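Breakdown of the fold
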Amino acid sequence: LRRQVATIGDLDFAASSKNPEKVVKYFTEMPGVAEILGEGENKATLVLDSGMHVDLLVGQPETYGALLQHFTGDKNHNIKLRTYALKKGLSLSEEGIKNVKTGKIVATETEVEFYKLLKMETPAPEIREDTGEIEAALKHELPDLVLPKDIKGDFHLHSNFPIDSSHDYGSGSLEEI
């Protein structure tokens, strides 16, 4: 959802609180919950009335950056990022960044802090798909994304291409358009 992909299989929510049990209780008792599949001190998995599976993981405020990163990248992004970290002697988790030799975990409150510890820029959630964003982030060459404020209007037209449509045909051919 945060990456704004066209389709999703389930929803993962990251939250931070000094009282995770209260957050989990609120989550499992909210309207629209059809079934609770699992529940613990700081996490829950449930099914909504719509059939959508939803996971919640509640971390401490000082680890929220790592938790948010953990839940945001797609599978391939996270695999590549973890592989890169391991080559540097680091292990990544929702708790933070651990030095494999010393076992010391550095917690991060923000994703910016998380990626900075890896000596890279923070890729926008929308591009965390393992399509070159990690390499660009390491070089500090991430692209500027088009934001809603950049859009001045939209352009909608119809060609005269003969297809079944609920719209009228336009007057120009695809070549002319």
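What comes next concerns the included structure. From a predicted model like this one, the values you see are computed outputs, not experimental measurements.

As a further point, take the overall build of the protein. Across its full length, the protein holds 5 helices and 7 strands. On C-alpha atoms alone, the protein measures out to a radius of gyration of 21 Å, which is more than a quarter above the 16 Å that the 2.2 N^0.38 rule sets for 177 residues. Seen through its principal axes, the protein has C-alpha atoms that stretch 70 × 45 × 25 Å. A separation threshold of at least 6 residues defines the contact pool for the protein, and within that pool the share at least 24 residues apart is 44%. If you sum the accessible surface of the protein, you get close to 11800 Å²; carbon and sulfur atoms cover 53% of it.

Within this model, the largest pocket holds a volume of roughly 320 Å³. Those elements that place two or more of their residues in the lining of the largest pocket are β1 (10-16) and α2 (64-72). Counting residues per element, the lining of the largest pocket draws most heavily on β1, which supplies 5 residues. The residue makeup of the lining of the largest pocket, split by class, is 8 nonpolar, 2 polar and 4 charged.

Turning to the side chain of Ser159, a few remarks are in order. Inspection of the secondary structure puts Ser159 in the segment after α5 (133-138). A polar contact is formed between the side chain of Ser159 and the backbone nitrogen of Phe161, at a distance of 3.0 Å. Contacts of Ser159, omitting those with residues within four sequence positions, involve Tyr169, Gly170, Gly172, Ser173, Leu174 and Ile177.

The next subject is the pattern of salt bridges. On inspection of all chains with the given rule, the structure shows 8 salt bridges. Between Glu111 and Arg2 there is a salt bridge; the shortest N-O distance is 2.8 Å. With Glu111 in helix α4 (residues 111-117) and Arg2 in the segment before β1, this residue pair connects regions lying 109 residues apart in the sequence. What makes Glu111 buried here is its relative accessible area of 9%. Between Lys25 and Glu29 there is a salt bridge, with its nearest N and O atoms 2.7 Å apart. Of the two residues, Lys25 and Glu29 both sit in helix α1 (residues 20-29), 4 residues apart, roughly one turn of that helix. By relative accessible area, which is 46% here, Lys25 ends up partly exposed. Each of Arg2, Glu111 and Arg128 takes part in a single network of salt bridges with overlapping partners.

Our focus in this paragraph is a nonpolar patch on the surface. Together, Phe155, Leu157, Phe161, Ile163, Tyr169, Leu174 and Ile177 make up a nonpolar patch on the protein surface, roughly 780 Å² of accessible area in all. Tracing the chain through its elements places Phe155 in the segment after α5.

Here we come to the packing of aromatic side chains. With the rule as written, the count across this model stands at 1 aromatic pair. Seen in terms of ring centroids, Phe114 and Tyr115 are 5.6 Å apart; in terms of plane orientation they differ by 80 degrees. Their pairing is edge-to-face. Of the residues examined, Tyr115 reaches a relative accessible area of 0% and is grouped as buried.

Right, let's talk about the sheet that holds strand β5 (residues 90-93) for a bit. Read across the open sheet, the 3 strands follow the order β5-β6-β7; overall the sheet is antiparallel. Strands at the two margins of the open sheet, each flanked by one partner only, are β5 and β7 (105-106). As judged from the 4 bridges shared by β5 and strand β6 (residues 96-99), these two strands associate in the antiparallel manner. Across the sheet, Leu92 pairs through a bridge with Ile97, a residue of β6.

Thresholds applied
Residues numbered from 1 in each chain as written. Predicted model: local features only at pLDDT ≥ 70, side-chain atom pairs only at ≥ 80, totals over all residues. Heavy atoms only, no water. Helix = DSSP H or I, 4+ residues; strand = E, 2+ residues; numbered from the N terminus. Rg over C-alpha atoms; globule rule 2.2 N^0.38 Å. Contact = heavy atoms within 4.5 Å. Areas by Shrake-Rupley, 256 points an atom, 1.4 Å probe, with all protein chains shown as cover. 1 Å grid on protein atoms, 1.4 Å probe; cavity = no way out; pocket = protein on both sides within 12 Å on 5 of 7 lines; lining within 4 Å. Points joined across faces, edges and corners; volume = space filled by probe spheres on them. Nonpolar A, V, L, I, M, F, W, Y, C, P; charged D, E, K, R; others polar. Polar contact = N/O pair within 3.5 Å; in protein donor to acceptor, adjacent residues only side chain to side chain. Salt bridge = Lys/Arg side-chain N within 4 Å of Asp/Glu carboxyl O. Buried < 20%, exposed > 50% of the residue type's maximum accessible area, 1.4 Å probe, protein only. Patch = residues over 30% accessible without salt bridge, like charges linked within 9 Å, V, L, I, M, F, W, Y side chains within 5 Å. Phe/Tyr/Trp six-rings, centres within 6.5 Å; stacked < 30°, edge-to-face > 60°. Pairing = 2+ DSSP bridges.

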